[in-house]
Amino acid sequence: MGPAEKLPGPVVISPSLLPKDFTLSKGKDAPAGQDDENSERGNWSSKTDYLLSMVGYAVGLGNVWRFPYLTYQNGGGEILFYITAIWFTFIFLECSLGQFASLGPVSVWRILPILQGVGITMVIITTLVTVYYNVIIAYALYYLFASFQSVLPWSDCFAWADENCSKTPVVSDCNTTLPNGTIIHTNYSYVTSNNLTCLNGSLAYKQVQLPSEQYWNKVALRRSSGLDETGEIVWYLALCLLLSWLIVGAALFKGIKSSGKVVYFTALFPYVVLVILLVRGATLEGARDGIEYYIGTQSNFTKLMEAEVWKDAATQIFFSLSVAWGGLVALSSYNKFHNNCYSDAIAVCLVNCLTSVFAGFAIFSVLGHMAFLADRPVSEVVDSGFDLAFVAYPSALSKLPVAPLWSFLFFFMLLLLGLDSQFASIETVTTTIQDIYPKVMKKMRVPVTLGLCMLLFFLGLICVTQAGIYWVNLVDHFCAGWGILFAAVLEIIGISWIYGGNRFIQDIEMMIGKKSWWFWLWWRACWFFITPVLLCVILCWSLVTFSPPKYGSVEYPAWGSAVGWCMIVFCIVWIPIVAIVKIVKAPGNLWQRIVSCCRPAANWGPSLECHRGERYSHMVDPHKERDQEIPTVDGFVHKLE
């Protein structure tokens, strides 16, 4: 470690030099816990709180209803581990960034003021996603309550079903041999009424829907014909949505101090449920076929040569690890300065990836049993997304003994997985508010948090109308896709190439200690070349292969797509707007202004003076500077002249 990077040694201050009212004790009015390093902002009560919150944020619904499907579709899980190794470097970058400056996803861009709009984009997209993500949690709550019945309501075709509902395949027509030896093709009712027999291989089946599918559409969603037909608010889904927001608000009313304790249950109990489901599934007939279809006989290394496979895997892991959403920066900003964020990033990546693989065994073992009972190939009962979580898997569970118990456990697991991710997403928004209005959040954290939850609840009511599922799919299609990819590209390029990857490595070494040149070789390769190139390829591929949104076979009207484009434009337009504002307000000619905006702000660096060393001895203290700042209506903080 060079002279410019040495941390200051201990400083001894004579008690006679301290003010008379100075005290080292933290009374009941202290803003943070007794062990908090940053008394103004607060820190995690323990490292376990932080790790469980990170795991809960990264491990979400996609690990259960998307990752296993992608694994079997791409011939095995090998490629997913390769991609995870690359995205791991992005997690380490974001964790280090938030921890170093103790700032959220917007204010942390003091590192590169010209790209502060990237942080705003992340927070806006996260806010929009929380609106519909809690609707999915409301779906899980509804099914959870519906499981408290002796007979699951989707286990058979009850009064709400139509003539297309059937638990088993229905033969429509076939070839048969008449008594005179003539072979004819006729409907199945004629065959049965005349005691004839269908010839082998000639059966044609009628298009039918499982009871669970019709229950999902007709009862749970009361789904309309399309986005044009809004219909009325589905009152029981609205109540479930309100309950889900109340749970989120209650868990976050004290910020990380309360959510850090809640995650001990919400992050760990899903693993208990997964183990129970796996043990039960493994004992069922046909489970082996399902598991082999998932990751056994279908595993095929030749698929590594297909570009589509790499694109799908990279996209899924990117979103699964929650990078570039702002949440990793926000959660890490509450770490103590010398926390080992390197080992944290490794732990989160491993747990996330292994959870996805483990969940696949639990899911496919039960789906294999479902295929066995229906005498159909596993491929015909496997699905992903909503169709897996609310149609295929509930249908499979309804066929088990004590079906309500297994249904309750499954939807309780989905509920907890969703809540964990939602906690971190809302904490991302409140952290941003705290960075801009620290005094307000210090005094009014509870009303601000609850007010935010209620505001997002009202925004989400459109998603619990009869056309709600179309709105959920629309926001997911536009906002949770290439908007985040675009922000990620600018983030990695800005930090690695403009701020300087080597400079950022020096910042990290101030936290975790000096490392060898060989240690940083892989990180330099990823941050400078591999990750930016991979992100650009995925972004371009997503734009080139972009298709209009549709839900199942229902296509969206032109105005629906226009609304989607307006949402994503609203999210990313802040990037050029903020860049222009920063350049206009900077001194000098145009080139000098651009150059100054591409340099760290004067108040960029470690939050506490004791951590700045000689490298940041020139840093303007943001705590002292804040008293001379006022918030303006455009959301930025400008110094008073």
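Procedures and definitions
Residues numbered from 1 in each chain as written. Predicted model: local features only at pLDDT ≥ 70, side-chain atom pairs only at ≥ 80, totals over all residues. Heavy atoms only, no water. Disulfide = S-S within 2.5 Å. Buried < 20%, exposed > 50% of the residue type's maximum accessible area, 1.4 Å probe, protein only. Pairing = 2+ DSSP bridges. Helix = DSSP H or I, 4+ residues; strand = E, 2+ residues; numbered from the N terminus. Axes fitted to C-alpha atoms, helices over the stretch in contact; angles between N-to-C directions. Contact = heavy atoms within 4.5 Å. Phe/Tyr/Trp six-rings, centres within 6.5 Å; stacked < 30°, edge-to-face > 60°.

One pass over the structure, following the stated rule, counts 2 disulfides. Each disulfide pairs two cysteine sulfurs, and for C157 the partner residue is C165, the sulfurs being separated by 1.9 Å. Here C157 and C165 share a disulfide; its torsion about the S-S bond, -85 degrees, makes the bridge left-handed. For C157, a relative accessible area of 28% puts it in the partly exposed group. Each bonded cysteine of the protein is numbered by sequence order, and under that numbering the disulfide pairs are 1-2, 3-4.

It is worth spelling out the sheet that holds strand β1 (residues 170–177) at this point. By way of backbone hydrogen bonds, the strands of a sheet pair with one another, either parallel or antiparallel. What the 3 strands build is an open sheet, ordered β2-β1-β3; its pairing is antiparallel. Two strands close off the open sheet at either side, each with one partner strand: β2 (183–187) and β3 (204–206). Pairs of neighbouring strands in the sheet enclose a mean axial angle of 25 degrees, with direction left out of account. Pairing geometry for β1 and β2, over 5 bridges, is antiparallel. Paired with T177 across the two strands is I183, which belongs to β2.

Below, the discussion takes up the side chain of S259. Looking at the element boundaries, S259 is found in helix α9 (residues 256–266). Residue classification places S259 among the buried positions, given a relative accessible area of 4%. Leaving out residues up to four positions away in the same chain, S259 has contacts with A251 and L252.

Note: β1 against β3, 3 bridges, orientation antiparallel. In the strand pairing of β3, D173 is matched with A204. Taken together, β1 and the strand that follows it, β2, pair antiparallel across an intervening segment of 5 residues, in which G181 is found at a positive phi of about 95 degrees.

Applying the stated criterion across every chain yields a total of 59 aromatic pairs. Aromatic side chains W216 and F386 sit 6.1 Å apart centroid to centroid with 25 degrees between the ring planes, which places their arrangement in the stacked category. With W216 in helix α7 (residues 211–220) and F386 in helix α15 (residues 386–397), this residue pair connects regions lying 170 residues apart in the sequence. Exposure class is identical for W216 and F386. Each is buried. Ring centres of Y470 and Y551 lie 5.8 Å apart, and the angle between their planes is 90 degrees; on these two criteria the pair is classed as edge-to-face.

Geometric descriptors of this kind do not, in isolation, establish any biological role.
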